[in-house]
Amino acid sequence: MREFFREIVHALEAGQPVELVSVVSSEGSTPRGAGAIMAVFSGGAIAGTIGGGNVEFECQQLAAELLAQGADAMRQFRFVLGDAASLGMVCGGGLTVQLQYLPGGDAHAIAVLRDLMEADGGSRDTWLLRRIQGERVTAMGLADRTGCRHLAPPPADPDHLLRNETVFAEGWLSIPVVKAGRTYLFGGGHVSQALVPVLASVGFRPVVYDDRPEFADPALFPRAERTLCGDFTRLAEQVTVTPEDYVVVMTRGHQADYEVLTQVLRSGAKYLGCIGSKRKLALCRDRLLADGFTEAEYSRLHAPIGLAIGAQTPEEIAVSVAAEMIAVRAGLDPRR
C-alpha cells in the first residue's frame, strides 16, 4: 500500500487533485470487498483497484466528473443479471462506494497520507478513518491502538471502529490499512527467492534469515524488508517473533529446520509453516515431542507447507505457500 499512497501524495504535492474511491460495504458476491481502494487522477490514470469490471469502469467515469466539480459522492451498485438498476453482472451482490475529492496541494491530506506511509514501515496496526456526513467526507485521519491522529475532534468511541475488517458505523468509515507483523523466512534458497516477491506483492513484509552470507544477500531479495545473516541456533540475537508475525521455515536441511522450530513453536506466531517431505517432517516432529513440545504446540505448524495444488517448481510452491498465508490472514483454516 505504500506505493499506492505515494502516488497520491506525489500528485497532491504537484498541485493535482485526486478522487479517492473506497468500497464502504458489500453484500453477497462482489469483485472486491469493503475496504478496497482506488485513486483516480486528472487525465484518467488510476492506481489501486476496487475489483475491475463494470463497477470500476463506472466509478472511473464518475470520479472524472467529480474531479472536475471538486465534489464527493456516495453510490450503490447492484450485480443482478437482468435488473435494470444493475450493471449487468452476474455476481449476485452489491456494494456501496464512497468517492472523496482531495484538492491538489491539500496540506492536511498530504500529512495524513505521509503519516500512513510511515506507519506502513512500522509494526503497529493502523486504520484510515473518515467521517462521512451525507455524501461528503468532512474529516480524515489515522488511528492505532494508542489513539487517533490528525482528527479534531476524534470519534467519541474509536475502539469499536478498530477491527480487522472495514467498519462503517455512526458516520465513520474505518479501513484497516496497515497490518502489524512481519514474515520471517528462515532459509534463503530458491523457494524463498521465489516466495519473497509474491508475499511482498500481497501485503506481507518479508524478512529473510540465513546462516550463509551468500544466501542472505540483499541483492537476491530486492522486495524483502531486510535480510539477516546469523546462526540458526541463536535467532534471538537478531529476531523476536511476536503473535503478529508469520514464520516460514525453509532452511537447507533437517537439522537447521529443527533448530529454528525449537525457537519459534512457542512464539505464538500467527502462522508457522515448514517445508519438507512427510518423512522429514515426521522425524522432526518426533524429535520435538521427545524434547518436551506437545502435540497441541506441534499441531499449529503447517507441515507440509502450502496448499495442496500439486506444486513442483519453486515458483509454484511460492504460490501455494502465499495462498495458505493469505487464508490464515483472512481468519480461515486452510487445513480443513
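The coordinates are above.
**Regarding the pattern of salt bridges**
Then, in step 1: Counted under the stated rule, the structure contains 18 salt bridges.
Then, in step 2: For E225, the salt bridge goes to R182, with nearest N and O atoms at 2.3 Å. With E225 in the loop between β12 (206-210) and β13 (226-229) and R182 in the loop between β10 (172-178) and β11 (183-186), the pair connects residues that are 43 residues apart, well separated along the chain.
Then, in step 3: Of the residues examined, E225 reaches a relative accessible area of 32% and is grouped as partly exposed.
Then, in step 4: On the accessibility criterion, R182 (17% relative accessible area) is buried.
Then, in step 5: Here D286 and R285 are joined by a salt bridge, their closest N and O atoms 3.0 Å apart.

**What about empty space enclosed by the protein?**
Then, in step 1: The final tally for this structure, using the stated rule, is one cavity of 30 Å³ or more.
Then, in step 2: Quantified by volume, the largest cavity comes out at close to 60 Å³.
Then, in step 3: Every residue lining the largest cavity is listed: K179, A180, G181, R182, T183, G203, F204, R205, Y246 and R329.
Then, in step 4: For the lining of the largest cavity, a count of residues per class yields three nonpolar, three polar and four charged.

**Focus on the layout of surface pockets**
Then, in step 1: Its volume calculated, the largest pocket comes out at about 1,300 Å³.
Then, in step 2: Along the walls of the largest pocket sit 36 residues, with M1, V177, V202, G203 and R329 positioned nearest its centre.
Then, in step 3: If you list the elements that add at least two residues to the lining of the largest pocket, you get α1 (2-13), β10 and α4 (190-201).
Then, in step 4: In the lining of the largest pocket, the residues fall into 16 nonpolar, nine polar and 11 charged.

**Looking at the packing of α1 against helix α3 (residues 107-119)**
Then, in step 1: It is the contact of α1 with α3, at a shortest axis distance of 9 Å, that shows an interaxial angle of 155°. Classified by the angle between their axes, α1 and α3 sit roughly antiparallel to one another. Relative to α3, the crossing made by α1 is left-handed. Of the residues in α3, those touching α1 at R2, F5, R6, I8, V9, L12 and E13 are A109, I110, L113, R114, L116 and M117.
Then, in step 2: Of the residues assigned to the contact of α1 with α3, the class counts are nine nonpolar, no polar and four charged.

The rules behind these values
Residues numbered from 1 in each chain as written. Predicted model: local features only at pLDDT ≥ 70, side-chain atom pairs only at ≥ 80, totals over all residues. Heavy atoms only, no water. Salt bridge = Lys/Arg side-chain N within 4 Å of Asp/Glu carboxyl O. Helix = DSSP H or I, 4+ residues; strand = E, 2+ residues; numbered from the N terminus. Buried < 20%, exposed > 50% of the residue type's maximum accessible area, 1.4 Å probe, protein only. 1 Å grid on protein atoms, 1.4 Å probe; cavity = no way out; pocket = protein on both sides within 12 Å on 5 of 7 lines; lining within 4 Å. Points joined across faces, edges and corners; volume = space filled by probe spheres on them. Nonpolar A, V, L, I, M, F, W, Y, C, P; charged D, E, K, R; others polar. Axes fitted to C-alpha atoms, helices over the stretch in contact; angles between N-to-C directions. Parallel < 35°, antiparallel > 145°, perpendicular 65-115°, else oblique. Left-handed = near helix turned anticlockwise from the far one by under 90°. Contact = heavy atoms within 4.5 Å.

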